[in-house]
Amino acid sequence: ALPIVAIVGRPNVGKSTLVNRIAQTSEAIVHEMRGVTRDRSYHKADWNGVEFMLIDTGGIEMGGDDAFQGSIRSQAFEGAREADVIIFLVDGKTGINTDDEEVARILQKAKKSVFLAVNKMDNPARMDEVWEFYALGLGDPWPVSAQHGNGTGDLLDEVVAEL
Ligand code: GDP
Ligand code: MG
């Protein structure tokens, strides 16, 4: 089986945009893998000859605060359980919110490699623009623009080195 990279993060941070940039096809693979849950989509990807399965989590976004919170929490747990490496995507335009903090706490306890990627850094990103994300306690933030591609290659180099 291919190694699994899960993209975790609250709605609207750009998870699906990042998947579309990285995966060879935006079509989700409807897989016969056991335990595949319907709120995540699986996409085959390849970076520098390393193949992996990319999971876009949180495909279903429920209404209501409790359901919303619950879905974020379970997405983070599922990602931590099932993935070899986790990309935790946050929004560099809106900054940190309490959902990000909750996901960060879950991922800190996961015995998996976690890359904290700060999306929507559309202009050539500088580390001084992402300093606030060090507060999530997940190490160095990686500035990226899923839309334009800035920083995604550097991030993927590091991700596949862990697979
Ligand atoms: P998801 O809910 O996490 O899957 O987020 P989406 O991929 O659906 O993106 C949510 C919104 O953010 C969309 O309007 C995207 O066009 C926008 N978005 C995604 N990536 C970027 C980015 O790198 N820069 C900017 N400016 N907007 C982005
Ligand atoms: Mg999405």
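Residues numbered from 1 in each chain as written. Chains lettered and ligands numbered in written order. Predicted model: local features only at pLDDT ≥ 70, side-chain atom pairs only at ≥ 80, totals over all residues.

Under the annotation held in an unreviewed UniProt entry, the protein carries the name GTPase Der and is attributed to Adlercreutzia caecimuris B7.

### As for the overall build of the protein
Helix and strand counts for the protein stand at four helices and six strands. Along its sequence from the N terminus, the protein presents helices and strands in the succession β-α-β-β-α-β-α-β-β-α. The buried share among the 163 residues of the protein stands at 37%. Here the contacts in the protein between residues at least 6 apart in sequence split such that 68% fall between residues at least 24 apart. (Helix = DSSP H or I, 4+ residues; strand = E, 2+ residues; numbered from the N terminus. Buried ≥ 20, exposed ≤ 12 C-beta atoms within 10 Å, placed from the backbone. Contact = placed C-beta atoms within 7 Å.)

### A closer look at the nonpolar core
Core analysis: the biggest nonpolar cluster contains 40 residues, and I7, L54, I86, I87, F88, L116 and A117 have the highest contact counts within it. Within the residue set of this core, elements represented by two or more residues are β1 (4-8), α1 (15-22), β3 (50-56), α2 (65-82), β4 (85-91), α3 (98-109), β5 (113-119) and α4 (152-161). The element best represented in this core is β4, accounting for six residues. Aside from chain neighbours lying at most four places away, what touches I7 is K15, L18, V19, L54, I55, D56, T57, I87 and L89. (Core = buried A, V, L, I, M, F, W, Y, C linked by C-beta atoms within 7 Å.)

### A short note on the sheet that holds strand β2 (residues 41-47)
Within the open sheet, the six strands sit side by side as β2-β3-β1-β4-β5-β6. Their pairing is mixed. The open sheet has two edge strands, β2 and β6 (141-143), and neither has a second partner. Across this sheet, the average inter-strand angle for adjacent strands is 30°, counted without regard to direction. Bridge count for β4 against β5 is seven bridges, and the pairing is parallel. Across the sheet, residue V90 finds its bridge partner in β5, namely V118. Contacting β1, β4 and β5, α3 runs over the sheet at an angle of about 165° to β4. Against the sheet, α4 makes contact with β1, β2, β3, β4, β5 and β6, and its axis sits at roughly 170° relative to β5, the strand it touches most. (Pairing = 2+ DSSP bridges. Axes fitted to C-alpha atoms, helices over the stretch in contact; angles between N-to-C directions.)

### What about the environment of I86?
With respect to the helices and strands, I86 occurs in strand β4. Note on I86: 28 C-beta atoms within 10 Å, which makes it buried. As a C-alpha pair, I86 and V114 span 28 residues in sequence and 4.8 Å in three-dimensional space. Leave out the neighbours within four places in its chain, and I86 touches A6, V8, G79, A80, L107, A110, K112 and V114.

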